[in-house]
Amino acid sequence: MEHIATPSWAMLAYLIAGVLFIFALRGLSSPSTSRAGNRYGMVGMTIAVVTTLLLKAPVPPGGFLPAPTVDDLVTLIQIVAAIALGGGIGWVTARKIRMTDMPQLVAAFHSLVGLAAVLVGLAAYLNPEAFGIMIPRPADCDPNLPCNFLYGQIEIQSRIEMGLGIAIGAITFSGSIIAFLKLAGKMSGAPIMLPGRHVLNLGTLIAIIGLVGWFTQDQSAWVIAAITVLSFIIGFLLIIPIGGADMPVVVSMLNSYSGWAAAAMGFTLHNTAMIITGALVGSSGAILSYIMCKAMNRSFISVIAGGFGAAPEAGGGAAKEQRPWKRGSAEDAAFLMKEAETVIIVPGYGMAVAQAQHVLREMGDQLKKAGVNVKYAIHPVAGRMPGHMNVLLAEANVPYDEVFELEDINGEFAQADVAFIIGANDVVNPAAKTDKSSPIYGMPVFDVDKAKTVLFIKRSMGGVGYAGVDNDVFYMDQTMMLLADAKKMVEDIVKALAH
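All values reported here derive from a predicted model rather than from experimental measurement. (Residues numbered from 1 in each chain as written. Predicted model: local features only at pLDDT ≥ 70, side-chain atom pairs only at ≥ 80, totals over all residues. Heavy atoms only, no water.)

Caption draft 1: Highlighting the packing of aromatic side chains. Scanning the model with the defined rule gives six aromatic pairs in all. Geometrically, the ring pair formed by Tyr125 and Phe215 is tilted, given 6.0 Å between the ring centres and 45° between the ring planes. Separated by 90 residues along the polypeptide, Tyr125 in helix H4 (residues 102-126) and Phe215 in helix H7 (residues 197-215) bring together distant segments of the chain. In this structure Phe215 comes out as buried when scored by relative accessible area, which is 0%. An angle of 55° between the planes, with centres 5.7 Å apart, marks the rings of Phe413 and Phe446 as tilted. Taken together, the residues span a long stretch of sequence, with Phe413 in the loop between helix H16 (406-409) and strand S4 (418-422) and Phe446 in the loop between helix H17 (431-434) and strand S5 (453-458) at a distance of 33 residues. The exposure classification of Phe413 matches that of Phe446, with both residues buried. A connected cluster of aromatic rings, assembled from ring pairs, spans Phe456, Phe474 and Tyr475. Against the face of Phe404 rests Lys375, its NZ or CZ located 5.3 Å from the ring centre. (Phe/Tyr/Trp six-rings, centres within 6.5 Å; stacked < 30°, edge-to-face > 60°. Helix = DSSP H or I, 4+ residues; strand = E, 2+ residues; numbered from the N terminus. Buried < 20%, exposed > 50% of the residue type's maximum accessible area, 1.4 Å probe, protein only. Lys NZ or Arg CZ within 6 Å of the ring centre and 35° of its normal.)

Laid out in structure tokens, this is it:
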């Protein structure tokens, strides 16, 4: 069966959609342009989907579209029904989901992309004629003679695309399921270290690669089944050793995997839009993962290999040294900030858990009314997914021009009167700069220790960050610990500021 050439108008539409996807990625690189970026992406996806539907649309023959068949009409109805069902579920989910639950929602969506790639690949394997990926019979071959022993076989390049697409999709699916369970608190967020995990992971990956190579020579069902099963297993093995607090890099990495799975399936389907979209998602996710690895002082290769979270010996197993520290109240914090000239707020995952972003913005507004210069400092890996803190602050209507990334604001802590830390820990730990034995050594952190006064909100002195190490900031002379639920403490501070 020969491939049906895509009409020129469809190729042009796919090109326009691809350009819009690039604009979408560019827009999403900044909070101030993120809304426009989302709109570009929505318009681009609409063009891509409508174009694909039109290629199968039941229209009268003789026009610029191919003549319809009964199968085309049935396929169109199935596609529209699937879009309506999936779109409806997505609409309801997006309206009900809390912003603090966005990381696990993203992980769940990644799992669906991976599963879709697996199902498309298996469908192409089971019905290659419908996908136009079978080696055609030579024109001069007698149908009664085996002129070409490959006739009826799936094309070699299609087998490679199919095998890789299924493998990457299955890894994305099972890995995203584990990420979802960790982020949603359905399973322990602590790293689960399996004995001999590196040897097991490497052996499984080598087996998958070998089976994809074998699939080019033998298209037996057991080969594709083995690729699928082993890929599901390795996705589980790669993610389960990673701690819940390392999920920003994991979510970014799984996003990249889902893109490459979609691109591979695009080749199988001969769909230009899928190839472009998948390549954009895959490459941008890989770049973001690399940037976040640098921000966490992690090896990019160790991320891909899995199990890059806290080592078994890293953690708070040893008893902490008892050191003096100062405890403050909401009234103390309100007085200090109201008298300050500049306050820099550093939010972390604790703010997200407490859902304190709205009352935090209210506190910032009150301080600005009192003439205080308020800024927000966002660490690249704060939260549970890339940009988590940016999303929460945007939801609370914090002005974009008050939000700064680490490299843009870190030099200002030395001039700041107050560093207000809410729910963050390791990203403000000076051990990353001074203690070579620390598991976070080398990770860029905020220089909050240089501020004149540090106000630190956390639930208790017993808690530590994902690295399981104590924080010297707790015990500094200029630090005042505000021990309470983050939202409750900020609400009390807001009340005190109003008096």
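Caption draft 2: Structural context of the pattern of salt bridges. Scanning the model with the defined rule gives 10 salt bridges in all. Here Lys433 and Asp449 are joined by a salt bridge, their closest N and O atoms 3.6 Å apart. Pair noted here: Lys433 is in helix H17 and Asp449 is in the loop between H17 and S5, with a separation of 16 residues, a long-range link. By relative accessible area, which is 24% here, Asp449 ends up partly exposed. Between Asp492 and Lys488 there is a salt bridge; the shortest N-O distance is 2.9 Å. (Salt bridge = Lys/Arg side-chain N within 4 Å of Asp/Glu carboxyl O.)

Caption draft 3: Seen up close, a nonpolar patch on the surface. A contiguous nonpolar surface patch, about 640 Å² in accessible area, is contributed by Leu12, Leu15, Ile16, Val19, Ile22, Phe23 and Tyr40. The dominant element in the nonpolar patch, judged by the number of residues it contributes, is helix H1 (residues 8-27), at six residues. The residue Ile16 is located in helix H1 in this model. Look at Ile16 and you get partly exposed, because its relative accessible area is 42%. (Patch = residues over 30% accessible without salt bridge, like charges linked within 9 Å, V, L, I, M, F, W, Y side chains within 5 Å. Areas by Shrake-Rupley, 256 points an atom, 1.4 Å probe, with all protein chains shown as cover.)

Caption draft 4: Looking closely at the sheet that holds strand S6 (residues 479-483). Spatially, S3-S2-S1-S4-S5-S6 is the arrangement adopted by the six strands of the open sheet, whose pairing is parallel. Each end of this open sheet is capped by a strand with a single partner; those strands are strand S3 (403-405) and S6. Put simply, the sheet's adjacent strands are angled 25° from each other on average, direction ignored. As paired elements, S5 and S6 share five bridges and run parallel to each other. Bridge pairing in S6 places Lys458 opposite Leu483. (Pairing = 2+ DSSP bridges. Axes fitted to C-alpha atoms, helices over the stretch in contact; angles between N-to-C directions.)

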